[in-house]
Amino acid sequence: MAPKDPLLGTLKVCVLNLQSDGEIVTDTNPHLASCCELLELVLRKGLQQPVLSLVHRDYSHCFEQITQLDACGRLSALSLAVEQTRVCRKLLSAQGRGRYLLRVALSRKALPQFIKHLLHTTRVLEWYCPQMSILRNEEFLEPFMSLLLVLSHMDFKLDMENCSFLDESWLLPVCETYEVVPCREMGMVLRYLSGRVFVLELIPGSQAHVDKFISPGDVIDEINGTSLRNSKIGQAGVVLSRLKGCPLSICVVRWRAQDGTVYRPLIKPLQALRIENPTLQLGPAPSQCATTEHKSAPSQCLKEGRQVGKQILHCGLRNIEQEFKTPTIFSFRIVHIVQFLGKANTGMFGGKEVLQQVIPLVLQKNLPSKEVLLDLKETHLTCTDRSSKLELFDYHYPEISCVGRFSQPDYTIFAFCVADSPETPQSTGFCCVALRASTIKDCEDIVCRIATGFKHTEWFV
């Protein structure tokens, strides 16, 4: 009877679980972290430490050495992956680099090729003990390579930017990106601890406090592609000062994990922060903020999130929308459900005084209204047909010259003027876009939110 290795048996179960979950594997797959950890254990098993060296040898060193020692001449994919890993400033240890390299290999379906290069490089393969290693045991190597082949036929869609905690754990945090055209002051009190930038407090009335895109306890991971991992005290302020007047893209690591508990690698730093600042109150999850803030007045909106899917919820006048590039179980945005009534040309006049004259022109056309989703984002708004999912228009706030409600008894019709598209030379001047909200409160909320968009898209030099 052929011998069996418990690692390979467990890895096989993990691979089958990944297969059963669907064609595409993402970071939210519950079996991904276990599979990666088992691959790591296989690559570490039997790896011998150098006698006369203070550096702890890890499997990442093996792949780094292959690019210098392998003579097969087909190392382009591996060389690119190793170089991509080397230049990533978020990785500080050999363990982090090895884990990042494994994720790159899975994403590019190249892990079998990487292992074959290792097997062909004798000087690196000799680092493994023949009696203990799976890689130097022919009976174990064949089933291991078969499992890698199965993995190479699966589609891994992994967020390679979410790698700041690979040095500590295979469990990835909730990582979200917030984009904003800056105002004068973000209004965050920061604390540098354990090589990370923690948010201690939000200054009342500041943009960070109003937009609620970040909470006390969260970590600022990077700003406009500049990593703040292991940064010096004051580095975040230096980066923000250098980017003054430019659009900001802020990557935030949430202190809550995907299951709602405290993200494990942040437990000790947060405990240290609490000792230093006894009054520190960790910010609630965005879903909890929604529950608390949206009790005041009814309004028809759409809430999007992995935990609850799409459903109608209640929200009030003080709704502040959040928009993130990488949606997670805790990220959401408010999308108003309104009726699109139509458009009318206003000529060369785009001021607020023309709204009361142009809105009746739109209504006189008696066009059938469409139920649409009006998504009021940080820097622009979009309108999508709710039934066909077809995008009707997309305007940045600087394109909008005015916004207001129609002075009629129910006050549910509102409109805004926008400059005609430069792609249509025959259309010059401005046009008026008219919509109807479900309630007066909805109409007021939307008009106020668009007006807030004007403020947040101001440029300062």
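Remember, it's a predicted structure, so these values are computed and weren't measured experimentally.

Here's the deal with the overall build of the chain
Secondary structure summary: the chain contains 14 helices and 17 strands in total. Out of the 461 residues in the chain, the part that is buried amounts to 50%. Nonlocal contacts in the chain, meaning residues at least 24 apart in sequence, comprise 65% of its contacts between residues at least 6 apart. With the model as given, the accessible surface of the chain reaches about 22,600 Å², and the carbon-plus-sulfur share is 56%.

Quick look at the pairing of strand β16 (residues 413-419)
Counted residue by residue, β16 has six buried out of seven residues, so it is predominantly covered. For strand β15 (residues 400-405) and β16, the ladder comprises five bridges, and the chain directions are antiparallel. Note on β16: the bridge partner recorded for G404 is A415. Bridge count for β16 against strand β17 (residues 430-436) is seven bridges, and the pairing is antiparallel. Bridging across to β17, F416 finds its partner in V433.

Topic: the environment of F414
Following the sequence through the fold, F414 ends up in strand β16. For F414, a relative accessible area of 0% puts it in the buried group.

Structural notes on the packing of aromatic side chains
Applying the stated rule across the entire model yields seven aromatic pairs. Relative to F213, the ring of Y178 lies with its centre 3.9 Å away and its plane at 0 degrees, an arrangement referred to as stacked. Taken together, the residues Y178 in strand β3 (residues 175-180) and F213 in the loop between α9 (207-211) and β6 (219-223) connect sequence positions 35 residues apart. Across the pair, exposure class does not vary: Y178 and F213 are buried alike. A centroid spacing of 5.2 Å and a plane angle of 20 degrees characterise the contact between F393 and Y395, whose relative ring orientation is stacked. The same class applies to F393 and to Y395, which are both buried. Three or more aromatic residues joined by ring pairs make a cluster, and in this case those are F340, F393, Y395 and F416. If you follow R57 out to its NZ or CZ, it ends over the ring of W127, 3.9 Å from the centre.

Quick notes on the packing of helix α2 (residues 32-44) against helix α8 (residues 138-152)
At their nearest, the axes of α2 and α8 sit 13 Å apart, and the two run at 145 degrees to each other. Seen along the crossing, α2 lies across α8 with a hand that is left-handed. On α8, the residues that touch C35, L39 and V42 of α2 are F144, L148 and L151. Residues of the contact of α2 with α8, tallied by class, amount to six nonpolar, no polar and no charged.

Quick look at the environment of S79
Mapped onto the elements of the fold, S79 is located in helix α4 (residues 76-86). Looking at S79, the relative accessible area reads 30%, which means it is partly exposed. Expressed as a C-alpha distance, the spacing of S79 and Q68, which sit eleven residues apart in the sequence, is 9.4 Å.

Considerations on the pattern of salt bridges
Applying the stated criterion across every chain yields a total of 18 salt bridges. The residue E40 makes a salt bridge to R44 at a minimum N-O spacing of 3.4 Å. Of this pair, E40 and R44 both sit in helix α2, four residues apart, roughly one helical turn. Judged by its relative accessible area of 3%, E40 is buried. A residue is classified by how much of its surface remains accessible, and R44, at 26% relative accessible area, is partly exposed. One salt bridge in this structure joins E168 and R229, with 3.9 Å as the shortest N-O distance. Here E168, found in the loop between β2 (155-157) and β3, pairs with R229, found in the loop between β7 (226-227) and α10 (235-242); they are 61 residues apart in sequence, far enough to count as distant. Given a relative accessible area of 40%, E168 falls into the partly exposed group.

Quick word on helix α5 (residues 94-107)
For α5, built from 14 residues, the straight-helix expectation of 20 Å at 1.5 Å per residue is met to within 8% by its first-to-last C-alpha distance of 20 Å. By the criterion of burial, α5 is predominantly enclosed, with eleven of the 14 residues buried. Residues A94, G96, G98, R99, Y100, L101, L102, R103, V104, A105 and L106 constitute the buried set of α5. Packed against the buried residues of α5 are α2, α3 (59-69), α4, α6 (111-120), α8 and β2. Looking one or two places after α5, you find K109, whose phi comes out positive at around 55 degrees.

The rules behind each value
Residues numbered from 1 in each chain as written. Predicted model: local features only at pLDDT ≥ 70, side-chain atom pairs only at ≥ 80, totals over all residues. Heavy atoms only, no water. Helix = DSSP H or I, 4+ residues; strand = E, 2+ residues; numbered from the N terminus. Buried < 20%, exposed > 50% of the residue type's maximum accessible area, 1.4 Å probe, protein only. Contact = heavy atoms within 4.5 Å. Areas by Shrake-Rupley, 256 points an atom, 1.4 Å probe, with all protein chains shown as cover. Pairing = 2+ DSSP bridges. Phe/Tyr/Trp six-rings, centres within 6.5 Å; stacked < 30°, edge-to-face > 60°. Lys NZ or Arg CZ within 6 Å of the ring centre and 35° of its normal. Axes fitted to C-alpha atoms, helices over the stretch in contact; angles between N-to-C directions. Left-handed = near helix turned anticlockwise from the far one by under 90°. Nonpolar A, V, L, I, M, F, W, Y, C, P; charged D, E, K, R; others polar. Salt bridge = Lys/Arg side-chain N within 4 Å of Asp/Glu carboxyl O. Expected span 1.5 Å × (residues − 1).

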